[in-house]
Amino acid sequence: MTDCFVRLGQKLGCVKKPALSDRKVYVGNTPFPGEDVSVLHTQRFPNNRVISSKYTVFNFLPKNLFEQFRRIANFYFLCVGIVQLIIDTPVTPITSIAPLVFVVSVTAIKQGYEDYLRHKGDNEVNNRMTQVIRDGCIKEIKSMNIKVGDIVMVEKNQEFPCDLVMLSSYDKEGQCYVTTANLDGETNLKTHLCISNTRKCQTVNDFQHLHAHIECQQPITDLYRFIGRITVTTNAGEEIKSLGPANVLLRGARLKNTPYIYGCAIYTGPETKMALNSKNKGTKFSRVERAMNSFLIIFLVVLLVESLTCTILKYVFVNQSVVKDKLWYVPDMDTESELTALRGIETFLSFMVLFNYFIPISMYVTVEIQKFVGSLYFGWDIEMYDEKMDQPAKANTSDLNEELGQVEYLFTDKTGTLTENEMQFRECSLGGDKYMEVDNILFEKKPGHDHGRPVTQMTKKMEDFFTVLALCHTIRVDHPHSDLTEKATDRKFDYLGMSYEYQSSSPDEKAFLEACRRYGIVLHGIHDDRLEVTFKGEMRRYKLFHVLEFDPTRKRMSVIIQNEQDEIYLLCKGAESAILDRVTPNLKEVTLQHVTDYALLGLRTLVLARRLLSPEEYSEIDRRLREARNSLSDREAKLEEVFEFIERDLVLLGATAVEDKLQDDVPDTIQSLQRSGIKVWVLTGDKEETAVNISYSAGHFKQGFAELRITQMTSTVQCAEVMTRLKNIKDHASIDQPFVLVVDGASLRFAVKDHSDLFRSLCQSCVAVLCCRMSPLQKAEVVKLIKNSKEKPVTAAIGDGANDVSMIQEAHVGLGIMGKEGRQAVRNSDYAFAKFRFLKRAILVHGNYYYTRLANLVQFFFYKNVAFITAQLFYTFFSGFSQQTIYDVMNLTMYNITFTSLPIFIYSLFEKSISQEELLQNPHLYKKNARNAALSFKSFIKWNFLGLWHRPVHVYMITHLYCRSMASTSTCIHDYTPLL
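This one's a predicted model, so the numbers in the text were calculated from it and none came from an experiment.

Section: the overall build of the protein
So, point 1. A count of helices and strands for the protein gives 31 helices and 35 strands.
So, point 2. Out of the 980 residues in the protein, the part that is buried amounts to 52%.
So, point 3. When contacts within the protein are restricted to residue pairs at least 6 apart in sequence, those whose partners lie at least 24 apart make up 72%.
So, point 4. Carbon together with sulfur atoms contributes 55% to the accessible area of the protein, which is approximately 45400 Å² in total.

In structure tokens, the structure reads:
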């Protein structure tokens, strides 16, 4: 009984659920010899059913109605409709209920259809047939019936139905290739592998004799993190092997270039990483929507005041003796003049019903439809279509259209956003000397000259340098002519009659291997656990022991290899900040100077080093690595500790410099945005000198700007002192002197954490800010810092890679570039397009039109309802506060739904008060809508004053004309208005 109450409390949220321990999964749901079957039931796992729908047939009506009536306007009209059914209402309840039913029905149909499509997609996935090994044979079952522990067979081009630990593959090396475009947007193929103990399991009989269990962490959202280990029973006993992300195949990924694989299901249904990452992002609200809600509250208050005032005036009026005498024809006049609590409430509610059309119920539906249709214009804009990539612009949401016209701060990534992300190997520092590439030929670079003599023969130091480039990377080599390989899209070349394609998520690494190829060093791939490389036609084979790269934020990677002379080397490459502190003093100073020189040219740099390991050293390294990788607790920390032990006493070989060109029209776009009043910040992971150089070439910084720098801070006290000094310099400088700020990631950590107000103030006083050496999380922190400032400015963030997702989601408006780093930024953005230059049109043209049209639509809705119901207010005085309506039922019912909605709706779709050309040529016009100017309180008062003015003009003009026409035959209408 106690357990029942505990479970009930956990479901209700009253009792905290206990933390789950690591899970233990038996492969094939087969216990070890000697173990009881009951061990399979110690943990309960969900089925593999996918549910992305929001409603069911049974809960659609109550759930949808509940959600709709959480909206203030809908709930208000529901209350008014109920009141009209209860009291002696002055107008028929149809006048309130019919518009409400129409609005609610349209929204319900729209949401119901969207959910029907989700149900349809769910059923397609859940009923997809999948092959599993059960009862000693391969069976076809529905995907939703897969259980944790099942051995699943997936064939080429099929999606993985759940998260699997790979057990074996058709490939004799135990590898397979997958694409994760549905997960993170990355389009390049990724290599996954299985452990050697299960690699040979290729038949049902093999798996019948396999006894293994997997221990792993409970499901987490991180797509790139997995910690586990597998225990396999062999004739020699139990053997434990570590499992990492490379051993896991995630649901939603697709098998490529491999006929089939077998895997053990570890996470199913709602526990798969895809499901955990499919939850809705935090809802973003535009300034216009917030203003609408504020104005609606004001109207509700005014409505209550009007109703209360008219209620008081009625009883003042009917209790005057002169009134009683003139209204002798009204039955029960004495009773009508008696004020009781119940009668007072009924009268107040009657006036509320009479004036309730003050609230524009159809405004929300009209706004939603206008936004949806308006978002289509974004994708239809031929000027934002990229022919080379065959990519039109894309609106992932219609909720934030008008926010494009309100941007005050733009945060942009550099690589792939401002630049092409297409790297070309240009120069290198090698053994203390500089070399440069000209027309695919390597030349010595002499001081004061473009280049010296060409390199005709490689020296030993050159060979060592390019060996590291050829072997230390994450590139996979494809052989397109193989019958197991599909046509790929990456760069391809032929060598000695053999065709190769290099596939990697890093364009830098592709540039390095292509440079190696030009100099006669060709990587052929991995065969029998050995890297095969041709040096000037001579084949060399290197045994690959370990790859040391568990976290990209380390900014370095290493591999441990053994050459044909049985020498074991640690090869390492990375940013100079991550490598130079680990090398011996030789060449350190000169290489650092060369790296700085390259950065000033705007080139991206990496430093290369290596270390010769003795057999004893390697044995110790191997032992430590295996221990850390087999750990289920704190594996990352233990691996980092081992990496620190390994990556030391390195021999510096040199540095590389690759060029990433600016995209077309980047300077013009940035300068136009700055002229429009938008402050542009560049947030990048590149080193300081490279980033500063790009800022100048991109027009982000200009000659004559005074530079302020907060870099290389080592303590919070030092950071505070530097910022205070810079703030004083800025405050005492000439008002005409523009300042720009440069800050690095290390200093930013102190500035944001301990001195956020001072840092924010300094940044906002500068015309442009450049943040370099930043992590993805720091990018989001900077956006949040400005977003939550006292002024509450509207922020936009633009990027092209997975490392930009955090800032894209943090900003009010997220913009994605369809670049070469996959599609994760695009999938998480609100709006996306192929090139940075399209941003100018997106903001200056579409943003302006979206905001102007919607702001006028909203103001007009409030205006027309004020003008409409004010006549009823005036008529109340003429009718002796008798709660009589001036309008017939049809007018009251159809006024908002059709009579006045269509003209403004058409206006909101096609109005162009300023031509596109003029908006692009005069970016300063963007400023006129800044800070929600068209929906400011002042503008709101102006529009509603017009409504209050127009209606009395109409009412009293008609009254005057009517009285003149009646003057000769009857008494003027004013004679029947006792109060007037």
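A look at the sheet that holds strand 27 (residues 604-613)
So, point 1. Strand order across the open sheet formed by 10 strands is 18-17-16-28-27-26-25-24-23-22, with antiparallel pairing between neighbours. Each of the sheet's edge strands pairs with one partner strand only, and the pair in question is strand 18 (441-444) and strand 22 (521-527). Averaged over all pairs of adjacent strands, the angle between strand axes in this sheet comes to 30°, irrespective of strand direction.
So, point 2. Relative to strand 27, strand 26 (residues 568-574) runs antiparallel, the two being bridged by 7 bridges. Pairing of Gly574 across the sheet is with Val607, part of strand 27.
So, point 3. Contacts from helix 13 (residues 460-471) reach strand 16 (419-430), strand 17 (433-438), strand 18, strand 22, strand 23 (530-535), strand 24 (538-548), strand 25 (556-562), strand 26, strand 27 and strand 28 (651-662) within the one sheet, and its direction differs from that of strand 28 by about 60°.

Some details on the packing of aromatic side chains
So, point 1. For the coordinates displayed, the defined rule picks out 30 aromatic pairs.
So, point 2. Centre to centre, the rings of Phe295 and Phe862 are 6.0 Å apart; their planes meet at 85°, and the pair counts as edge-to-face. Of the two residues, Phe295 sits in helix 8 (residues 287-318) while Phe862 sits in helix 27 (residues 838-878), which places them 567 residues apart along the sequence.
So, point 3. Phe295 gets classed as buried once you look at its relative accessible area, which sits at 5%.
So, point 4. Seen in terms of ring centroids, Phe937 and Phe940 are 6.2 Å apart; in terms of plane orientation they differ by 35°. Their pairing is tilted. With Phe937 and Phe940 both in helix 31 (residues 937-966) and 3 residues apart, the pair spans about one turn of that helix.
So, point 5. Feature note: the residues Phe295, Phe299, Phe358, Phe862, Phe937 and Phe940 constitute an aromatic cluster, connected by ring pairs.
So, point 6. The ring of Tyr315 is capped by Lys314, whose NZ or CZ atom sits 5.9 Å from the centre of that ring.
So, point 7. Sitting over the face of the ring of Phe535, Arg540 holds its NZ or CZ atom 4.2 Å from the ring centroid.

Quick notes on the sheet that holds strand 3 (residues 137-142)
So, point 1. Spatial strand order, 3-2-4-13-5-11: 6 strands in an open sheet with antiparallel pairing. The sheet is open, and its two borders are formed by strand 3 and strand 11 (248-249), each paired with just one other strand.
So, point 2. Of the strand pairs in this sheet, strand 5 (residues 163-169) and strand 11 are connected by 2 bridges, and their pairing is antiparallel. Its bridge partner being in strand 11, Val165 is matched across the sheet by Val248.

Here's the deal with the packing of helix 17 (residues 615-630) against helix 18 (residues 635-646)
The angle between the axes and the distance between the axes are what describe a pair of packed helices.
So, point 1. In the contact formed by helix 17 and helix 18, the axes pass within 8 Å of each other and the chain directions differ by 165°. Regarding the angle of helix 17 to helix 18, the classification is roughly antiparallel. Pair helix 17 / helix 18 crosses with left-handed handedness. For the pair helix 17 and helix 18, contact is made by Glu620, Ile621, Arg624, Leu625, Ala628, Arg629 and Asn630 and by Arg635, Lys638, Leu639, Val642, Phe643, Phe645 and Ile646, respectively.
So, point 2. Of the residues that constitute the contact of helix 17 with helix 18, the class distribution is 8 nonpolar, 1 polar and 5 charged.

Concerning the pattern of salt bridges
So, point 1. Here the structure, examined in full by the defined rule, presents 47 salt bridges.
So, point 2. Across the pair Glu707 and Arg709 runs a salt bridge whose closest N-O atoms are separated by 2.8 Å.
So, point 3. Between Glu810 and Lys787 there is a salt bridge, with the nearest N and O atoms lying 3.4 Å from each other. Here Glu810, found in helix 25 (residues 805-810), pairs with Lys787, found in helix 24 (residues 776-787); they are 23 residues apart in sequence, far enough to count as distant.
So, point 4. The class for Glu810 is partly exposed, based on a relative accessible area of 21%.

Quick notes on the environment of Leu925
So, point 1. Along the chain, the position of Leu925 falls in the loop between helix 30 (916-921) and helix 31.
So, point 2. In this structure, the C-alpha to C-alpha distance between Leu925 and Asn848, residues 77 residues apart in sequence, is 8.9 Å.
So, point 3. Those residues within four positions of Leu925 in sequence are excluded, and the remaining contacts are Asn848, Ile914, Glu918 and Leu919.

A few points about unusual backbone geometry
So, point 1. Unusually for a residue other than glycine, Asp135 sits at a positive phi of about 55°.
So, point 2. Secondary-structure assignment places Asp135 in the loop between strand 2 (129-134) and strand 3.
So, point 3. For Asp135, a relative accessible area of 68% translates into the label exposed.

Basis of the calculations
Residues numbered from 1 in each chain as written. Predicted model: local features only at pLDDT ≥ 70, side-chain atom pairs only at ≥ 80, totals over all residues. Heavy atoms only, no water. Helix = DSSP H or I, 4+ residues; strand = E, 2+ residues; numbered from the N terminus. Buried < 20%, exposed > 50% of the residue type's maximum accessible area, 1.4 Å probe, protein only. Contact = heavy atoms within 4.5 Å. Areas by Shrake-Rupley, 256 points an atom, 1.4 Å probe, with all protein chains shown as cover. Pairing = 2+ DSSP bridges. Axes fitted to C-alpha atoms, helices over the stretch in contact; angles between N-to-C directions. Phe/Tyr/Trp six-rings, centres within 6.5 Å; stacked < 30°, edge-to-face > 60°. Lys NZ or Arg CZ within 6 Å of the ring centre and 35° of its normal. Parallel < 35°, antiparallel > 145°, perpendicular 65-115°, else oblique. Left-handed = near helix turned anticlockwise from the far one by under 90°. Nonpolar A, V, L, I, M, F, W, Y, C, P; charged D, E, K, R; others polar. Salt bridge = Lys/Arg side-chain N within 4 Å of Asp/Glu carboxyl O.

Without other data, these values stay purely geometric and don't point to any function.
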